[in-house]
Structures are given as structure tokens and as C-alpha cells.
Amino acid sequence: MHNKISCFLPVAEPADLKQTIDELKAVGLVDGIYVMITPESKGAELPEGVDSFEVPVLNSTHMVKEIAKRAEASSHVLLYAKSLPLKLGALSLERMIQAAEYTGAGMIYSDYFALKEGNRMQNPVIDYQDGSLRDDFNFGSLLLFPSAVVKEAADKMKADYKFAGLYDLRLKVSQNHKLFRLPEFLYTEMETDTRKSGEKIFDYVDPKNRDVQIEMEVACTEHLKAIGGYLKPEFEEVKFDESDFPVEASVIVPVRNRAKTIEDAVRSVFSQNTSFKFNLIIVDNHSDDGTTDILKKLADEDDRLIHVIPDRKDLGIGGCWNMAIMHESCGKFAIQLDSDDLYADDSVMQTVVDAFYEQNCAMVIGSYQMVNFKLEEIPPGLIDHKEWTPDNGRNNALRINGLGAPRAFYTPALREIRVPNVSYGEDYAVGLAISRDYQIGRIYRSLYMCRRWEDNSDASLDIVKMNNHNLYKDRVRTMELWARIAKNRK
């Protein structure tokens, strides 16, 4: 079969749809163009020379199977996932087919340009890994598959997903084929989500997305079972029998240059009402804005504050955590508080420590309230990660991009694993590693107020930083996935 492409795209406004279709028709390799109609868009005006078919919902299993059926006469399937106009680069589809032939990949995707408010901006994407299991992985909007690969994957689909069909396609393709990124800017897409990165990162815990997330979890769990990475709900017992600790719990606060917030954080710890002894270990990572002087003053006020300044200059947040948990003053439980946040009330530490014993877990994760600097609630409000379930939470943890906060650890378990010396994703990496063997306990009421302000580390990130963060978390997931596959083989 000579290389021919069947193109599939969602229905759109007539002018936008015509622009995209004209772009595709100008490519000699394009053999057929199909517009996918939803019930809401029945009767939509379509340009001449295109076929259409109805799907109950875009990105559903039904959509994937309809694509597979119609693509049999072509060598490749091109899926355009947006309804806004597409602008192809010179010879871009020819290049994608060339990449598919050279690599034998089951899916080709590429970097692209994004048109934002009339400005064309480079939008690089990142390489796919075994651990790139999150359903919000950005492939861009133009995906090329060998038709035989789509048919193979569609034939394996047993579940009928309303929302997770395209996600399921990607996972099933990845089981037998490479997903290959071509690091070339091959097309231009219209940018519609112009929110800052800090506003997008909580989409997966938004209650209005709950039905979607449930399907995504089912699809991911099915995939993990197929590749040997699924873990049954069987956990090692935590005995809590190590007793050589000076206090029951320590609050751990890594800090650098938070003169504006650190005293509030410290006083929220000092206000805790507990039935046990606790302390506060602050690792002051060479602050130069007055934070150090504030901490010295507070340590003079209350000897429960252990103020540590590292000898090293190469520590990230994770490295500061390691200094704290290995410190001779560290308690049996290590409880997190970020330097710009506050505990919600005076019962937080007691609630967390009680949860360790009640739920027999090596890690406890609470919930938190998003607030501004005036402590007024801001969207999305309470972040409670109720997508976690005791039976499947540790499998679903490989799909989502975070586990929640505040986090607390049984110190012996954390000392054994240690924390990666990075300043993004270190908590997620530790949580995944702990959940491989132990249950993680959950507290669904708000334990602290997370203040979003202009100096937050992830309030607004450019595309390069976002890609670096996502690449790292995918790498952590890959390491964990391989470790779980190895565990299952024993």
C-alpha cells in the first residue's frame, strides 16, 4: 500500500473547519477527510468533499473504533484534536510519515507553534516514557498512527469509555510500539487555554471533572495490569516499634528567602495543641533576605525550634529534607509545612499523628485550602484528592501528577528511602516509593492554608520550566513503574 493518510477531525465553526480542511486537501498524501459530529452539532455546515460520521462523545471508545474502521484503506491515520484552525508547516505530514517509517513507532507527534493573541510562539513538547501515564500528557493536537496499529489497539478495547477512549488508545499502542516525538515545529495550533500554569495544575482534582477522572483511572489500571505494573491492595504492616526518638513528631520546614511568611508559619506550629512532645526543624538554605535573623529570634523565644543552616550550597528542597530527617532531633514522625503556608488550626499535628496509628500507614496526606495572601479562599478551594482509594490509590498515583499535602512520614521509612535532592517533585517521588510497599493514610479535612502569591515557585511557569517539571515527574514514574514490575516478578 502506498502511503496515504485518512484524516479525522472534530466538527467546528464553518470558517475554521474549512481552513483546516483546505490545509489537509493541499497535501497530496491525504486520501480522505472525516469530520466527527456529536449529537450537539448535528446539522452543522460541512465543506464539500469531506465525509462525516457521528460519535456520541469525542475521545470516546466509540470514536476510536469508528476511526479504525474507516482507516483500513489508508496506510496512516492523522488525528487532529482541536476545533480551531490548523496551519501545517511545509512538508510536515510527509516528515511525520518518514519518521514513522524510520522508527517503526506506533504514534508520531511533534513540537508545534501556538498562536496566542496574534503572536506565534514555540511550544516544544517532551519525549514519551514508560512512566508517562498521566492523561494530561501534552502531545500537541496532531497525532499520526499507522492504520494497522490503530486497528490492533481498537481490537483490544473491551471497555466502552465515554471520556477515556483516546487515552486508552495511547496506552494500548504503547504496550507494543514506541510513541515517538519528532523535535521539529511542524504545525501551528490556536491556543485556547491561556491560564497560568499554577491555575491549570489542579484541573484533575476539580469536582466537575470527577466522571472523567474515574474513567481515566479505570483505563490506567487496566493498562498497568496488562504490563505487569499493577499492585494488589496488599500492604506491609507498620509496627511503629522504633522508639529511639527525642520527640514523637517533628515539623520539617525547608526555607530560603521567605522573610515575608516564615514567622507566620513558625507561629502556626508553636500554636499546636498535642498530647505528645514535638519540635520544629527548619533548614535555612542560606537565606539572604532577613529570614535567618527572624529564625534566630524565634529560636531564642522557643527552644523547640531547631534552626539548621547547611554547610553545603548544593541542596534543593529534597536535600534539606534529608538533613532534617537525619538530624538527631528528628521525631518518630516528620510532618511537612511549606515556609509560606499555615496550619489551619491547633489540632493539625495531633490529627496527623493519630492517623498513622489508626490507619497503620507509613505516610499520611491531608487536604488543604487554596487562599490568597489575605487568607481569602481562591479557586479551586479545597484540594482533598478524594480520587485516592485504599484499594487502588497507589496504582492511580502513577497517573495523577501529585499526591496532595500536607505530607507526613514515619521517619524510619523515610530515612530508608531518602528524598531526591531536587526542588520539584521530590515529595511525589517519595510518596510513590512508600506506596509500593505501604498503605498511605488520608485525611480529607483541610489541615493547612496554601497561600498563592507572586513568589510561589509554581504560580506561573514558562513552557521550558513546565516541560522540565513534567519530564522529571515522568522519569520518577518510569523508575517506579519498573520497580513495581520487578516486584511483581519476584
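Residues numbered from 1 in each chain as written. Predicted model: local features only at pLDDT ≥ 70, side-chain atom pairs only at ≥ 80, totals over all residues. Heavy atoms only, no water.

### Overview of the overall build of the protein chain
In step 1: In terms of regular secondary structure, the protein chain is built from 15 helices and 18 strands.
In step 2: Taking 23 Å as the expected radius of gyration for a compact globule of 490 residues, we find that the protein chain reaches 25 Å, a close match to that expectation.
In step 3: Taken along the three principal axes of its C-alpha coordinates, the protein chain extends 80 × 50 × 40 Å.
In step 4: Out of the 490 residues in the protein chain, the part that is buried amounts to 56%. (Helix = DSSP H or I, 4+ residues; strand = E, 2+ residues; numbered from the N terminus. Rg over C-alpha atoms; globule rule 2.2 N^0.38 Å. Buried < 20%, exposed > 50% of the residue type's maximum accessible area, 1.4 Å probe, protein only.)

### Notes on the nonpolar core
In step 1: Leu-24 and Leu-93 are the most contacted members of the largest nonpolar core, which totals 146 residues.
In step 2: Residue contacts for Leu-24: discarding those within four places in its chain leaves Cys-7, Leu-9, Val-30, Ile-33, Leu-78, Leu-86, Leu-88 and Leu-93. (Core = buried A, V, L, I, M, F, W, Y, C linked by side-chain atoms within 4.5 Å. Contact = heavy atoms within 4.5 Å.)

### As for the environment of Tyr-448
In step 1: Structurally, the position occupied by Tyr-448 is in strand β18 (residues 440-451).
In step 2: Along the chain, Tyr-448 and Gln-369 lie 79 residues apart, while their C-alpha atoms are 6.4 Å from each other.
In step 3: Discounting chain neighbours no more than four positions away, the residues touching Tyr-448 are Gln-336, Leu-337, Asp-338, Asp-341, Leu-342, Tyr-343, Ala-344, Ser-367, Tyr-368, Gln-369, Ala-405 and Pro-406.

### Some remarks on the pairing of strand β15 (residues 363-371)
In step 1: Taken across its nine residues, β15 has nine buried, putting it largely inside the fold.
In step 2: Of the two faces of β15, both are covered, the one formed by Met-363, Ile-365, Ser-367, Gln-369 and Val-371 as well as the one formed by Val-364, Gly-366, Tyr-368 and Met-370.
In step 3: For β15 and strand β17 (residues 407-410), the ladder comprises three bridges, and the chain directions are antiparallel. Paired with Met-363 across the bridge in β17 is Phe-409.
In step 4: By the bridge criterion, eight bridges tie β15 to β18 in an arrangement that is parallel. Among the inter-strand pairings, Met-370 is bridged to a residue of β18, identified as Cys-450.
In step 5: Hairpin connection between β15 and strand β16 (residues 377-383): a loop of five residues separates the two successive antiparallel strands, and Leu-375 in this loop has a positive phi of roughly 65°. (Pairing = 2+ DSSP bridges.)

### Description of empty space enclosed by the protein
If you roll a probe as big as a water molecule over the atoms, it shows you where there is empty space left.
In step 1: Enumeration according to the criterion identifies one cavity of 30 Å³ or more in this entry.
In step 2: By volume, the largest cavity is sized at about 30 Å³.
In step 3: Every residue lining the largest cavity is listed: Met-63, Val-64, Ile-67, Val-77, Leu-79, Phe-145, Val-150, Leu-166 and Leu-169.
In step 4: Taken together, the elements giving at least two residues each to the lining of the largest cavity come down to α2 (61-70), β4 (76-80) and α5 (165-176).
In step 5: For the lining of the largest cavity, the leading source of residues is α2, giving three residues.
In step 6: Looking at the lining of the largest cavity residue by residue, the class counts come to nine nonpolar, no polar and no charged. (1 Å grid on protein atoms, 1.4 Å probe; cavity = no way out; pocket = protein on both sides within 12 Å on 5 of 7 lines; lining within 4 Å. Points joined across faces, edges and corners; volume = space filled by probe spheres on them. Nonpolar A, V, L, I, M, F, W, Y, C, P; charged D, E, K, R; others polar.)

### Observations regarding the packing of aromatic side chains
In step 1: Applying the stated criterion to the full structure yields 18 aromatic pairs.
In step 2: Ring centres 5.9 Å apart and planes at 45° place the aromatic pair Phe-333 and Tyr-410 in the tilted group. Of this pair, Phe-333 sits in strand β13 (residues 333-336) while Tyr-410 sits in strand β17, and the two are 77 residues apart along the sequence.
In step 3: According to the relative accessible area criterion, Phe-333 is buried, its value standing at 0%. (Phe/Tyr/Trp six-rings, centres within 6.5 Å; stacked < 30°, edge-to-face > 60°.)

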